[in-house]
Amino acid sequence: MKVPTKADPRAATPPVSTEEVDVRSLEHELRRSTEAEVRFTAGDRAIYSTGGSNYRMLPIGVVIPRSVDDVVETVRVCREHRAPLLPRGGGTSLAGQCCNVAVVLDFSKYLNRLIEIDADARLARVQPGLILDHLRDPAQAQHQLTFGPDPSTHDHCTFGGMIGNNSCGVRSVMAQFNGPGSRMSDNVHELEVLLYDGRRLRVGKGSSGDPEIDRKLTELRDRYAALVRERYPDIPRRVSGYNLDDLMPENDFDVAAALVGTEGTCVTVLEATVHLIPAPKHKSLLVVGWDSEYEAADHVMTVLEHEPTGLEGIDHVLIEDMKAVGMHPEDVELVPEGQGWLVVEFGGDTKEEADAKAHDLVAELKKGDNPPEGIKLYDDPELEQHMWDVREAGLGATAFIPGKPDTYEGWEDSAVPPEQLGTYLRRLRKIAKKYDYDSALYGHYGQGCVHARWNFDLRSAPGIKKFRSFLDEASDLVLELGGSISGEHGDGESKAELLPKMFGPELIDGFREFKSIWDPDWKMNPGKVVDPYPITQNLRLGPNYAPPQLKTHFAYAKDNGSFEHAALRCVGIGKCRHTSGDVMCPSYMVTREEKHTTRGRARILWEMVNHGELDLWKSDEVLEALDLCLSCKGCTKDCPVSVDMPTLKSEFLSHYYDGRLRPRHAYAFGLIDQAARVASKLPAVANALAPVTKRLVGVHPKRHLPEFAPLTLQDWYAKRGTHNPSGKKVILWPDTFTNHFHTDVGVAAVEALEDAGCRVVMPQGHLCCGRPLYDYGMLDLAKRYLERVLDALRDDIRAGTPVVGAEPSCVAVLKDELLKMRPNDQDARRLAQQTYHLAEFLDQEGYEPPPLQRKAILHEHCHQHATGGIDPDKKLLEAMGVEVEKPDSGCCGMAGAWGYEKSHYDVSIACGERVLLPKVREASPDALVVTAGFSCRSQIEQETPRRALHIAQVIQLARDHGAGGPRGPYPERAASPKPQGGKSRGDKVIAAAVGVGLAALAAYASRPSRKPKRAWR
Ligand SMILES: Cc1cc2nc3c(=O)[nH]c(=O)nc-3n(C[C@H](O)[C@H](O)[C@H](O)COP(=O)(O)OP(=O)(O)OC[C@H]3O[C@@H](n4cnc5c(N)ncnc54)[C@H](O)[C@@H]3O)c2cc1C
Ligand code: SF4
Ligand code: SF4
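Everything numeric in this text was worked out from a predicted model, so none of it was measured.

Undergrad: Can you lay out the overall build of the chain for me, pointing to particular residues and giving the numbers?
TA: Looking only at helices and strands, the chain has 44 helices and 26 strands in total. Whereas a compact globule of 1017 residues would reach a radius of gyration of roughly 31 Å, the chain reaches 30 Å, a difference of no more than 12%. Along the longest, intermediate and shortest principal axes, the C-alpha atoms of the chain span 100 × 70 × 55 Å. Here the chain, with 1017 residues, has 64% of them falling under the buried criterion. At a minimum sequence separation of 6, the contacts of the chain that also span at least 24 residues come to 75%. Total accessible area computed for the chain in this model is approximately 35,900 Å², and 50% of it derives from carbon and sulfur atoms. Within the chain, the 146 negative side-chain charges are centred at a point lying 7 Å from the centre of the 125 positive side-chain charges.

Printed below as a string of structure tokens:
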């Protein structure tokens, strides 16, 4: 394989040259010499082919070191094979610096420890894979300390990456006023680094730990000192170029700081010691609005005089974009009057002190020539967080706006002196207008750093030429105003070619020499920052981009009907790599594997469509990457650009198995509605056969199959009839799980709806939304099921009769999948709109539930999270008087039948054990455990001594037993559906017959299975 190597520095724009590497020998030797995970398959390489940038470069392979020794050995083996290296953290870089034709060293999975916090010295020692919040949270909680630079990616970016990029963030101004400085380079005390030649050094102020390197660096510094002082802009956000200024005597020859921001092009960081700063005990948040973002920017200097801890800017375009994509709809309303806003945070030892600073600022602004249009001081921490969510929404909100062209990074982090910000924004917009480009302009206004995402055309030669020309004009403007081409994200490939304009050719020579001191062979992340690939090379799309038009089952309406665009939707933000909060992405939260993120899955699917290394629709590697996706829909809600992995996975499975037999569990679970229909004739027999069934269909031995109820909900209701004939008509959806297994939930739902004044109607006969079919890609059948549902309910749909479901995953089909299958069917639209989760409906109807004095742990089913949320359940419980605790429990891990399958058991349990199951075990015996999901209740019942209730059952409990309710375990209800009769002789005969049938199935079962290989190592 040809790999990049040293450029020819004599050329005007030196090309990156290449040399041959024996990849097979390299892989073999890496496996032999290290304990690391060594991944060289087409799929593994596809997953690491880009970060959050416009670029795509397939790596040679991926190494996931388990120890520092593994890193040292990997570098040795790479050196012996002359293979380039690319260290990587969270892979959220936006400038193309974290993809390359190199061996990727992924530090995030294992080398992610917080080694120690020395609170007295205000220092912390960290491994490079540590996530920023994994330092900030304990530092704050235990020592009231924090870390200055805080990128918006704080819950998933790593220290190695922050060091690599010289990261800053929202509260960098705090570090500017009350700490060592605003950039990462100001906040690093010491680094342990590994050179490509194998030397391991501790670098810090005054020394690199190697006399020869010190000598070379000093000599380099002395030669370039005058130019550095002349050409480096004195602004808070100069991130472009190497930090030669940190070698100056006035900066104490800070070698560690000089290596910060080198983007993996000089050394590999093995460990870092970083500065901590006092965290304000109390904060207050002020948002001030003017007629335009320009006027907001004009007031930055006034605000800075008040020493805020955060000073950000947002504009009306961002707010309009957020509204257009339906992002944080309520939060957007929190913004006061205006078209351009400053978001100002103050800190203090008391809330009063923080508020007083805000009031002082407001008083001064009101006295000024151009007083603000709108002013809002927040006093509720929850609302303050919502306001920050609006600010942090940036990239996600502006990437894909309905009716507008896609937007891209590329000129997204330029910085100017803060006093020039108003001028810069005005002139930048003017230039953009000339090019027909548009973008929100928001970001770290307090430090003059502006974020944007422009509608570049990166798919055609003229479009790319125009993009390149815009970059020239925009960078001329920034430099004219004394700014920096990159003010935050680094140069990578997207800006590096522009650096000669900023620093001049002599300093670029200085950069070359600096790199050569550390990496004489130029094997570290070659072609980035210095002597780079041209900006328009290696684009992920590019002028020859022609994705195939694929025939699909789903409509992909948001993506112009394109499966490929639905996969391209992942812009690499990496939020699916966060390790707590929300639902996305349960598999990553427990495996910590890029492959098991939504991003990893989207990437491999996109590669499958666009590049030949992975067979279209038939790749086992793609199947394996998708296997641990629980189809929990977490990403559809929590991913800032709503990547919809369950739909993509389902589509893939339908094509993968086209013309092939599926594994047996797919038929058993995918067709559970059919099996349940048969079993309902003889539920006792079906239950007795559960152990055999379990073995036949590949259920994990530790799982118990749920028992069929003695009487279906439909049969029970047909006999019982309504108790409220004059009430408002409501259809209670008899989903398979409530109808056949947890009928007691259905009974409770009927009673709750009647208590709310409704007349319940329950469709009879076999009707199923087809939920399990999606999990196995049985989409032709799923389509037919939906048609049957629409036909059966058509009159009620048109009459506007609400459809209420007790089981969130089935409600989700009618609210979500239905429209993805039939976007242009008016009845489908109506049905989606008039379908409700039970609590959602009761809340909307203004139901006054009966009182109950209990505590409850309330767990949100993941499909409910994606299609309505759990607030109505919480509201109802609180209205009853229940003291509710909602743990951050994410997905329970069962996810329909997914957690029953043998190959998923470990991950399923790990998902549950992350928060939910320990929380349930710890709950006091008289606290109720409440969740709407059949899967969640099954997971809880199987893994804890507790039984979980549906909210309908909580209402039933209160109605049956009064506000005091029964203490202790939930009592069985006498009115629960009664058995149809015990196990008769007839039952036993039939059981034998079924047994013979199952034996035949067993013969089928013994054929080779297409089950994916174990994906979790
Ligand atoms: C939506 C969004 C918002 C963002 N907001 C901000 C922001 O507010 N402020 C900000 O500064 N940035 C921001 N970024 C950019 C990015 O998230 C940060 O730069 C982040 O610190 C990168 O961390 P990472 O772990 O993802 O690094 P990666 O992308 O994995 O790596 C970054 C660089 O560091 C190098 N590197 C990684 N580990 C090592 C190591 N062990 N040794 C040597 N080099 C290493 C890599 O080679 C690469 O060049 C944002 C990005 C996105 C997508
Ligand atoms: S899937 Fe969503 S959250 Fe994950 S990286 Fe892609 S865009 Fe970001
Ligand atoms: S559906 Fe769930 S498991 Fe699958 S990618 Fe999305 S968040 Fe992750």
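Undergrad: Before we move on, could you go through the site of ligand 1 and cite the residues and values that matter?
TA: Lining the immediate surroundings of ligand 1 are 35 residues, of which Pro87, Gly90, Thr92, Ser93 and Thr158 lie closest. A distance of 2.6 Å separates an oxygen atom of ligand 1 from a polar backbone atom of proline 87. Within the backbone of glycine 89, a nitrogen or oxygen atom sits 2.7 Å from an oxygen atom of ligand 1. Burial of ligand 1 by the protein chains amounts to 97% of its free accessible area of 970 Å². Of all the elements in the fold, those that place two or more residues in the shell around ligand 1 are strand 5 (85–88), helix 5 (159–165) and strand 12 (268–275). With five residues, helix 5 is the single largest residue contributor to the shell around ligand 1.

Undergrad: Give a description of helix 29 (residues 690–697) that names residues and reports values.
TA: Listing the buried residues of helix 29 in full gives Ala690, Lys694, Leu696 and Val697. Glycine 698 sits one or two positions beyond helix 29 and adopts a positive phi of about 80°.

Undergrad: Describe the site of ligand 3, with residues and values.
TA: Surrounding ligand 3, one finds 14 residues, the nearest of these being Cys585, Arg601, Cys629, Cys632 and Cys635. Those elements that place two or more of their residues in the shell around ligand 3 are helix 22 (598–610), helix 24 (634–638) and helix 25 (645–656).

Undergrad: Could you give an account of unusual backbone geometry, naming the residues involved and the relevant values?
TA: Cysteine 585 follows methionine 584 through a cis peptide bond whose omega is -10°. Assignment of secondary structure puts cysteine 585 in the loop between helix 20 (563–568) and helix 21 (586–591). Unusually for a residue other than glycine, asparagine 538 sits at a positive phi of about 65°. Although it is not a glycine, serine 631 adopts a positive phi angle of roughly 50°. Topologically, serine 631 is positioned in the loop between helix 23 (620–627) and helix 24. Overall, the relative accessible area of 9% leaves serine 631 in the buried class.

Undergrad: Can you explain the pattern of salt bridges? Please cite residues and give values.
TA: Counting across every chain of the model gives 82 salt bridges. Glutamate 37 serves as the salt-bridge partner of arginine 66, at 3.7 Å between the closest nitrogen and oxygen. Here glutamate 37 lies in strand 3 (residues 37–39) and arginine 66 lies in the loop between strand 4 (61–64) and helix 3 (68–81), a separation of 29 residues in the sequence. In this structure arginine 66 comes out as partly exposed when scored by relative accessible area, which is 40%. For aspartate 315, the salt bridge is made with arginine 429, and the minimal N-O distance between the two is 2.8 Å. Highlighted residues: aspartate 315 in strand 15 (residues 310–315) and arginine 429 in helix 17 (residues 421–434), separated in sequence by 114 residues. In this structure, aspartate 315 and arginine 429 share a single accessibility class: buried.

Parameters and conventions
Residues numbered from 1 in each chain as written. Chains lettered and ligands numbered in written order. Predicted model: local features only at pLDDT ≥ 70, side-chain atom pairs only at ≥ 80, totals over all residues. Heavy atoms only, no water. Helix = DSSP H or I, 4+ residues; strand = E, 2+ residues; numbered from the N terminus. Rg over C-alpha atoms; globule rule 2.2 N^0.38 Å. Buried < 20%, exposed > 50% of the residue type's maximum accessible area, 1.4 Å probe, protein only. Contact = heavy atoms within 4.5 Å. Areas by Shrake-Rupley, 256 points an atom, 1.4 Å probe, with all protein chains shown as cover. Lys, Arg positive; Asp, Glu negative; His and termini not counted. Charge placed at Lys NZ, Arg CZ, Asp CG, Glu CD. Near = heavy atom within 4 Å. Polar contact = N/O pair within 3.5 Å; in protein donor to acceptor, adjacent residues only side chain to side chain. Salt bridge = Lys/Arg side-chain N within 4 Å of Asp/Glu carboxyl O.

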